[in-house]
Amino acid sequence: MSGYLAVLVVVLIFVVIFQIAKASEYVSILKGEKKSREQSNRINGFLMVVFLVLGLVGVWWCHDLLDDKMLGESASVQGDGIDQMIKVTFLITFAVFVITQILLFWFAFKYQEKEGKQAYYFPHNNKLEVVWTVIPAIVLTVLVAFGIRHWLRITSEAPKDAMVVEVTGKQFNWIVRYPGKDGQLGRRNFKLTDDTKSNPLGQDWTDKLNHDDVVSPDLHVVVGKDVKLIIGSRDVVHDVGLPHFRLKMDAVPGIPTTLWFTPKFTTAEMKKKTGNPDFVYELSCDQMCGANHFAMRANIIVETQEEYDAWLASQVTQYSVAHPAPAAPAGQPAADSAKVVAAK
């Protein structure tokens, strides 16, 4: 019922607007076209000023209303520089926005058509065109240079002691792989990818480096330690989005991409900083990738080195998941059956 009422209200509004337009047309015929146009210009000029004031107030009100819903301080060292770049860009563009909008709407009011006033024809001015072309070009070039600097920083070769984690996207979840005690990820072959055989990443089991690798749905990283992400995709283009860390990188099938960063706060510390006991860092997909794109997310757990080591030690390797020990024959201890598997 409420839907029908909403449609009826919209129809009535259009009818009223149409009737007002027709009435204005009849009035212009009675008064004369010139007087009607001057009256419309005065009304429009006044409305321009009203729109200017209400618009600027609305911009400030939205900022004030949504300020506490922003992400807050960057959770990575590299994100601090990106935040600073965004603030500088915002201040410059906001100043330009305010100045141009005030001039636009004020001029519409001040220079409306009036009796005895002649418009000044100003077709061309080389100096003015050079000024408004060169200055924005210089400013934008500087901003782009800062952006490239930060981009090259996070995509450069990570420090040698950085922990390495592999993040692979697929419709519609993330697969995260960690190296074991050897600190190296094993070799992969996409032809070996088979979920039914517990090999979602196509790990080559003939490579012994794979035998201690751990696969998890969540991303665990150590606070204060550089972490390098090796990013890929199993199907379509995804995008690793790390909003709290101010980072993102495309996950492209067949073309590994990388980025590295340094977490500043553990998840526990962020719960205290935000006052939210349910706070979690999020790994989102920032590239439209299909019908369930909205649900493609994973938790990021930032913890101490001791907590990370304990978590990794508690995980079952993907090799063990793909090669479960066979049930022990009657009368044979389970330990002996495990030796049989090891011998194979």
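The model shown is predicted, which means the values in this text are computed figures rather than measured ones.

Cut-off values and rules
- Residues numbered from 1 in each chain as written.
- Predicted model: local features only at pLDDT ≥ 70, side-chain atom pairs only at ≥ 80, totals over all residues.
- Heavy atoms only, no water.
- Phe/Tyr/Trp six-rings, centres within 6.5 Å; stacked < 30°, edge-to-face > 60°.
- Buried < 20%, exposed > 50% of the residue type's maximum accessible area, 1.4 Å probe, protein only.
- Helix = DSSP H or I, 4+ residues; strand = E, 2+ residues; numbered from the N terminus.
- Lys NZ or Arg CZ within 6 Å of the ring centre and 35° of its normal.
- Pairing = 2+ DSSP bridges.
- Axes fitted to C-alpha atoms, helices over the stretch in contact; angles between N-to-C directions.
- Contact = heavy atoms within 4.5 Å.
- Disulfide = S-S within 2.5 Å.
- Core = buried A, V, L, I, M, F, W, Y, C linked by side-chain atoms within 4.5 Å.
- Arc of directions from axis to C-beta.
- Lys, Arg positive; Asp, Glu negative; His and termini not counted.
- Salt bridge = Lys/Arg side-chain N within 4 Å of Asp/Glu carboxyl O.
- Polar contact = N/O pair within 3.5 Å; in protein donor to acceptor, adjacent residues only side chain to side chain.

A. Looking closely at the packing of aromatic side chains. For the structure on display, the rule yields twelve aromatic pairs. Aromatic pair phenylalanine 107 and tyrosine 111: ring centres 5.3 Å apart, planes at 80°, arrangement edge-to-face. With relative accessibility at 42%, the residue phenylalanine 107 sits in the partly exposed group. Between tyrosine 178 and tryptophan 311 the ring centres are 5.0 Å apart and the planes differ by 70°, which places this aromatic pair in the edge-to-face class. Of this pair, tyrosine 178 sits in strand β2 (residues 173-178) while tryptophan 311 sits in helix α6 (residues 305-313), and the two are 133 residues apart along the sequence. Residue tryptophan 311 is classed as buried on the basis of its relative accessible area, which comes to 15%. Aromatic ring contacts, followed pair by pair, group Phe245, Phe261, Phe279 and Tyr281 into a single cluster. Over the aromatic face of phenylalanine 265 sits the side chain of lysine 273, whose NZ or CZ is 4.6 Å from the ring centroid.

B. Geometry of the sheet that holds strand β3 (residues 214-216). Strand order in the open sheet formed by five strands is β3-β2-β1-β5-β8, and the pairing between neighbours is mixed. At either margin of the open sheet sits one strand with a lone partner, and together these are β3 and β8 (257-261). Taken over all neighbouring pairs, the strand axes of this sheet differ in orientation by 25° on average, direction set aside. Two elements, strand β1 (residues 163-170) and β2, share five bridges in a ladder whose sense is antiparallel. From the neighbouring strand, valine 167 faces β2, where its bridge partner is valine 176. Where α6 meets the sheet, its contacts fall on β1, β2 and β3, and the angle it forms with β2 comes to roughly 100°.

C. Representation of the pairing of strand β4 (residues 219-222) in the model. Burial along β4 is two-sided: the face carrying Leu219 and Val221 and the face carrying His220 and Val222 are both buried. In this structure, β4 lies alongside strand β10 (residues 297-303), joined through four bridges in parallel fashion. Across the sheet, valine 221 pairs through a bridge with valine 302, a residue of β10.

D. Representation of the state of the cysteines within the structure. Tallying each qualifying case throughout the model produces zero disulfides. Lacking any disulfide linkage, cysteine 285 is separated from the closest cysteine sulfur, that of cysteine 289, by 3.8 Å. Classification of cysteine 285 by relative accessible area gives buried; the value is 6%.

E. Geometry of the nonpolar core. Within the largest apolar cluster, 38 residues are counted, with the highest numbers of intra-cluster contacts made by Leu229 and Leu242. Apart from residues no more than four positions distant in its own chain, leucine 229 is found in contact with Val165, Val167, Leu219, Leu242, Thr257, Thr258, Leu259 and Phe261.

F. Representation of α6 in the model. If you check which residues of α6 are buried, you get Tyr308, Trp311 and Leu312. Taken end-on, α6 shows its buried residues confined to a sector of 95°, consistent with a single buried face. When the buried face of α6 is taken as reference, the exposed residues oriented beyond 90 degrees from it are Glu306 and Ala313. For α6, the elements touching its buried residues are β1, β2, β3, β4 and β10.

G. Structural context of the sheet that holds strand β7 (residues 247-251). Across the sheet, five strands lie side by side as β4-β10-β9-β6-β7; this open sheet has mixed pairing. Every other strand in the sheet has two partners, leaving β4 and β7 as the edge strands with one partner each. Each adjacent strand pair in this sheet contributes to an overall mean axis angle of 25°, direction not counted. Here strand β6 (residues 238-242) pairs with β7 via five bridges, running antiparallel. What sits directly across from histidine 238, in β7, is alanine 251.

H. View of the side chain of threonine 257. Mapped onto the elements of the fold, threonine 257 is located in strand β8. The exposure class of threonine 257 is buried, given its relative accessible area of 16%. With sequence-adjacent residues up to four places away left out, threonine 257 is seen in contact with Leu229, Ile230, Ile231, Met249 and Asp250.

I. Representation of the side chain of aspartate 212. Examined against the element boundaries, aspartate 212 turns out to sit in the loop between β2 and β3. Although aspartate 212 is buried, it forms no salt bridge, and the closest oppositely charged side chain is arginine 177 at an N-O distance of 8.0 Å. A polar side-chain atom of aspartate 212 sits 3.1 Å from the main-chain amide nitrogen of lysine 181. Other than its neighbours up to four places away in sequence, aspartate 212 contacts Tyr178, Pro179, Gly180, Lys181, Asp182 and Thr317.

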